[in-house]
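Residue-level listing of the chains:
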Amino acid sequence: MRYVSTRDNSKEHNFEDVFIKGLADDGGLYLPKSLNKYNVEELSKLKNLNYNELSTEIINQFSSDFISKEKLSSLINKSYSTFREKEVVKLSKVGELKLLELFHGPTLAFKDIAMQFIGNLYEYYLSKNDKKINIVVATSGDTGAAAIDAIKGRSNLNIFVLHPNNKISSIQRKLMTTVVEKNVFNIAIDGNFDDCQNIVKSMFLDLEFSKSINMSGVNSINWARIITQTVYYFYSYFRLDKETVSFSVPTGNFGDVFAGYLAKKMGLPIDKLIVATNENDILHRAISKGDYTSREVKETSSPSMDIQLASNFERLIYYINNSDSKITADIMKKIKQNSHQIEKNNLEIIQKDFLSESCNEQETLDIIKKNYEENNIILDPHTAVGVGAAYKLSFNDCVVLSTAHPCKFPDATNNAINKHKKLPQQLQHVLNKNENFQVLKNNIEEVKNFIKRKV
Ligand SMILES: *Cc1c(COP(=O)(O)O)cnc(C)c1O
């Protein structure tokens, strides 16, 4: 498959560029030049595959110029062998709603599903390329732990993770900072997630620096992550056996929900995708009123969604502007100056596929409480936002993506119901181990110097 950048679609790229670079040199995001759509017959052939087989079929559409289907299949089997659910994900119920549990991987959030695969994909790449790669990634809390678990101890790979200092849960932090392998470096930035993400983006675009250290990125803009996440939309659709399905997706960076949109573009009969945000509601304002203006980031009980610059939204902007990279580049300039009103006809196109809602802090806690009392289930605060958005829109029959295990957010569930889930036995050890991380100012030069000293 050939790929283009959302900001310049005159040049073509292959899967290897897309995977290893993450971000295009012009600052745009990669998208396929064209997309195959499954017809009804092709969909029915996928219907009865198990999760790993389905992953292989879908991902192979995008990566066959890089890795053979046989090799891909073995990487996928290896990636998911550590999951606590045999079928990787699990469909369950909360009242009338369905939950798609995505948190059965090693670090207890949906990020593991893509990241475990990506770790093995790097190893495959390095088996054929004599190189040393430095992964640099910003995290709002869960990406970091998932990436570290996937990369730790691998040869010819270092990983540097930037998290916002004191703005993630202590369990989220400990899952990253207690890892002892020598190729893992944790950096706490005195700032918020958007600051961390900006530093990483700027380092990528500093081509002299990024090329000098063979810098590679695994943030949610990485196309390999998106396609891996597309699989569970297909999987849950097939298991539910209904004509169409809607999904409510707790969102910050528009990555997971974009994977759903991609599934729809690939022919999966999805009705609506509900974009569920916490009080950092830029995406809700954008989708309901066209107002894409970022405000101060607020700290909430769902920290992985405390984001005001939804990177992956650029991909949607490109698609709704008829794949015009010039228009997309212009819009992205305006967004950088922090003012963008989505045009009325474009908003109508977006609203054909997307709905949105936002839950404030009290509503999120109330949803955790209500579901504990009525359904005897403890929801993590991110999933609660997804459930709340479905309630507000009266989508009583949709699938809510359950993005994290509640034990990762004991403070939130303690506030709501005075109870928390314990960490699974295998992860208890992180509670008492020494933590290792470097606090740095919100300053790109400091971060660059730190990295240069370590590589
Ligand atoms: C990352 C994360 C989200 C938001 O995902 P995006 O697709 O990046 O917007 C939601 N919930 C949890 C638990 C997360 O870790």
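Since this is a predicted model, take the numbers as computed values, not measurements. (Residues numbered from 1 in each chain as written. Predicted model: local features only at pLDDT ≥ 70, side-chain atom pairs only at ≥ 80, totals over all residues. Heavy atoms only, no water.)

Quick look at the packing of helix α3 (residues 51–63) against helix α10 (residues 223–240) now. Packing of α3 against α10 leaves a shortest axis separation of 9 Å and a crossing angle of 135°. Classified by the interaxial angle, the pair formed by α3 and α10 is oblique. Between α3 and α10 the crossing geometry is right-handed. From α3, Tyr-51, Leu-54, Ser-55, Ile-58, Ile-59 and Phe-62 reach across to α10, where they touch Trp-223, Ile-227, Thr-228, Val-231, Tyr-232, Phe-234, Tyr-235 and Phe-238. Class assignment of the residues belonging to the contact of α3 with α10 gives a composition of 12 nonpolar, 2 polar and no charged. (Axes fitted to C-alpha atoms, helices over the stretch in contact; angles between N-to-C directions. Helix = DSSP H or I, 4+ residues; strand = E, 2+ residues; numbered from the N terminus. Parallel < 35°, antiparallel > 145°, perpendicular 65-115°, else oblique. Left-handed = near helix turned anticlockwise from the far one by under 90°. Contact = heavy atoms within 4.5 Å. Nonpolar A, V, L, I, M, F, W, Y, C, P; charged D, E, K, R; others polar.)

Okay, the packing of aromatic side chains next. Per the stated rule, a full pass over the model turns up 27 aromatic pairs. When the centroid spacing of 6.5 Å and the interplanar angle of 85° are considered together, the rings of Phe-160 and Phe-450 count as edge-to-face. With Phe-160 in strand β7 (residues 157–164) and Phe-450 in helix α19 (residues 444–454), this residue pair connects regions lying 290 residues apart in the sequence. On the basis of relative accessibility, which here comes to 4%, the residue Phe-450 falls in the buried class. Taking the centre distance of 6.3 Å and the plane angle of 50° together, the rings of Phe-234 and Phe-238 count as tilted. Residue Phe-234 and its partner Phe-238 are both found in helix α10; the two are separated by 4 residues, about one turn of the helix. Taken individually, Phe-234 and Phe-238 each receive the classification buried, so the pair is uniform in this respect. Counting every residue linked through ring pairs, the aromatic cluster contains Tyr-3, Phe-15, Phe-19, Phe-62, Phe-66, Tyr-122, Tyr-124, Tyr-125 and Trp-223. (Phe/Tyr/Trp six-rings, centres within 6.5 Å; stacked < 30°, edge-to-face > 60°. Buried < 20%, exposed > 50% of the residue type's maximum accessible area, 1.4 Å probe, protein only.)

A word on the packing of helix α13 (residues 313–320) against helix α14 (residues 325–336). Where α13 meets α14, the axes come as close as 9 Å, and the angle between the chain directions of the two elements is 140°. Taken as axis vectors, α13 and α14 run oblique relative to one another. For the crossing formed where α13 meets α14, the hand is right-handed. On α14, the residues touching Glu-314, Ile-317 and Tyr-318 of α13 are Ser-325, Thr-328, Ile-331, Met-332 and Ile-335. Considered class by class, the residues forming the contact of α13 with α14 number 5 nonpolar, 2 polar and 1 charged.

This next bit is on helix α11 (residues 256–265). Of all 10 residues in α11, 9 are buried, a share of seventy percent or more. Buried within α11 are the following residues: Asp-256, Val-257, Phe-258, Ala-259, Gly-260, Tyr-261, Leu-262, Ala-263 and Lys-264. Gly-267 sits one or two positions beyond α11 and adopts a positive phi of about 105°.

Membership of the largest hydrophobic core comes to 111 residues, with the highest contact counts inside it found for Trp-223, Tyr-233 and Phe-254. The element best represented in this core is α10, accounting for 12 residues. Beyond its immediate sequence surroundings of up to four residues, Tyr-233 is in contact with Phe-247, Val-249, Asp-256, Val-257, Ala-259, Gly-260, Ala-263, Leu-268, Ile-270, Leu-273 and Leu-401. Among the nonpolar cores identified, the runner-up in size contains 24 residues, and Ala-138, Phe-185, Phe-193 and Phe-209 belong to it. (Core = buried A, V, L, I, M, F, W, Y, C linked by side-chain atoms within 4.5 Å.)

Outside of glycine, negative phi angles account for most residues, and trans bonds account for most peptide bonds. One non-glycine residue, Phe-254, adopts positive backbone phi at about 65°. Mapped onto the fold, Phe-254 is located in the loop between β10 (245–250) and α11. Phe-254 sits in the buried class, given a relative accessible area of 0%. A positive phi is found at Asn-376, a non-glycine position, where the angle reads about 55°.

Quick look at the sheet that holds strand β9 (residues 215–216) now. Read across the sheet, 5 strands follow the order β9-β6-β7-β8-β14 without closing on themselves; strand pairing throughout is parallel. Where the open sheet ends on each side, the last strands, each with one partner, are β9 and β14 (438–440). Sheet analysis places β7 next to strand β8 (residues 184–189), joined by 6 bridges and oriented parallel. Across the sheet, residue Leu-162 finds its bridge partner in β8, namely Ile-187. Seen against the sheet, helix α8 (residues 193–205) touches β6 (133–138), β7, β8 and β9 and runs at an angle of roughly 150° to β6. (Pairing = 2+ DSSP bridges.)

So, on to the site of the ligand. Around the ligand, a shell composed of 15 residues is seen, among which Lys-111, Asp-142, Gly-252, Asn-253 and Asp-256 lie nearest. Lys-111 is positioned with one of its side-chain polar atoms (N or O) 2.6 Å from an oxygen atom of the ligand. Separating a nitrogen atom of the ligand from a side-chain N or O atom of Thr-403 is a distance of 2.9 Å. Looking at side-chain class alone, the shell around the ligand contains 5 nonpolar, 7 polar and 3 charged residues. (Near = heavy atom within 4 Å. Polar contact = N/O pair within 3.5 Å; in protein donor to acceptor, adjacent residues only side chain to side chain.)

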